[in-house]
Amino acid sequence: MSQVFRALSDPTRRRVLQLLQGGPMSAGDLSDRFDVSKPTMSAHFAVLKEADLVHAEKAGKSVIYHLKLSVLEEALLGFVHSFSPGAETPEPKKEPAA
């Protein structure tokens, strides 16, 4: 789940996911929507793929990205449930003795 939230921490990656809600898009079409370099967009796509939020499909010379909404929903539901009554709370980190 931490990879999902790392991916969601960046506004560019969140916007890519929003765009993909409308349907699959090529890497080029997605990149054209942002004022960043192609290598920067490639890095964003890699983070989204690593978090399993998107699926990349090769189509000729293009790469088509598809949103994997079920993974996003699962991560967000897990996050919400972690705050529900009865959920285990992590132990606070203890400072080393001086």
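Per-chain numbering applies: the sequence of each chain, read as written, is numbered from 1 onward. Selection of residues for local features in this predicted model requires a pLDDT of at least 70, selection of side-chain atom pairs for listing and counting requires 80 or more, and totals for whole chains, interfaces and linings are taken over all residues. The side-chain quantities take in all heavy atoms of the structure and omit both hydrogens and water.

1. Observations concerning the sheet that holds strand S3 (residues 62–67)
Phase 1 of the analysis: Here, a strand pair is defined by DSSP locating no fewer than two bridges between the strands. Per the convention used, a helix needs a DSSP run of H or I reaching at least four residues, while a strand needs a run of E reaching at least two, with both numbered from the N terminus. Spatially, S1-S3-S2 is the arrangement adopted by the 3 strands of the open sheet, whose pairing is antiparallel. The open sheet has two free edges, formed respectively by strand S1 (25–26) and strand S2 (54–59), since each of these has just one partner strand.
Phase 2 of the analysis: Of the strand pairs in this sheet, S1 and S3 are connected by 2 bridges, and their pairing is antiparallel. Bridging from a neighbouring strand, Met25 pairs with Tyr65 of S3.

2. With respect to helix H5 (residues 69–81)
Phase 1 of the analysis: To estimate the expected span of a helix, subtract one from its residue number and multiply by 1.5 Å. An ideal rise of 1.5 Å per residue puts 18 Å on 13 residues; H5 measures up with 18 Å between its terminal C-alpha atoms.
Phase 2 of the analysis: Those residues of H5 that are buried lie in contact with helix H1 (2–8). For this analysis, residues touch if any pair of their heavy atoms sits within 4.5 Å.

3. Focus on the pattern of salt bridges
Phase 1 of the analysis: Whenever a carboxyl oxygen of Asp or Glu lies within 4 Å of a side-chain nitrogen of Lys or Arg, that contact is scored as a salt bridge. Enumeration according to the criterion identifies 3 salt bridges in this entry.
Phase 2 of the analysis: Of the charged contacts in the structure, one is a salt bridge between Glu50 and Arg6, with a shortest N-O distance of 4.0 Å. Of this pair, Glu50 sits in helix H4 (residues 38–50) while Arg6 sits in helix H1; the two residues are 44 residues apart in sequence, bridging distant segments of the chain.
Phase 3 of the analysis: Each residue's exposure class comes from its accessible area (1.4 Å probe, protein chains only) as a fraction of the maximum for that residue type: buried when under 20%, exposed when over 50%, partly exposed otherwise. The partly exposed category is assigned to Glu50, whose relative accessible area is 47%.
Phase 4 of the analysis: Notably, a salt bridge pairs Lys38 with Asp32, separated by 3.7 Å at the nearest N-O pair.

4. Focus: the environment of Val16
Phase 1 of the analysis: Checked against the element boundaries, Val16 lands in helix H2 (residues 11–20).
Phase 2 of the analysis: Once the C-alpha coordinates of Val16 and Arg33 are considered, the two residues, 17 residues apart in sequence, prove to be 9.0 Å apart.
Phase 3 of the analysis: Contact partners of Val16, with chain neighbours within four places excluded, come to Leu30, Phe34, Met41, Phe45 and Leu48.

5. Some thoughts on the nonpolar core
Phase 1 of the analysis: Buried Ala, Val, Leu, Ile, Met, Phe, Trp, Tyr and Cys residues form a nonpolar core when they are joined through side-chain atoms within 4.5 Å. Counting residues in hydrophobic clusters, the biggest one holds 22 residues, and the most contacted among them are Val16, Leu30 and Leu53.
Phase 2 of the analysis: Secondary-structure elements contributing two or more residues to this core are H1, H2, helix H3 (27–32), H4 and H5.

6. Some remarks on unusual backbone geometry
Phase 1 of the analysis: One non-glycine residue with positive phi stands out, namely Asp52, at about 65°.
Phase 2 of the analysis: Tracing the sequence through the fold places Asp52 in the loop between H4 and S2.
Phase 3 of the analysis: Accessibility expressed as a relative area gives 33% for Asp52, which makes it partly exposed.

7. Observations regarding the environment of Ala43
Phase 1 of the analysis: Among the secondary structure elements, Ala43 is positioned in helix H4.
Phase 2 of the analysis: For Ala43, a relative accessible area of 44% gives the class partly exposed.
Phase 3 of the analysis: Sequence spacing of Ala43 and Arg13 is 30 residues, and the spatial spacing of their C-alpha atoms is 10.0 Å.

By themselves, these observations are geometric and do not establish any function.
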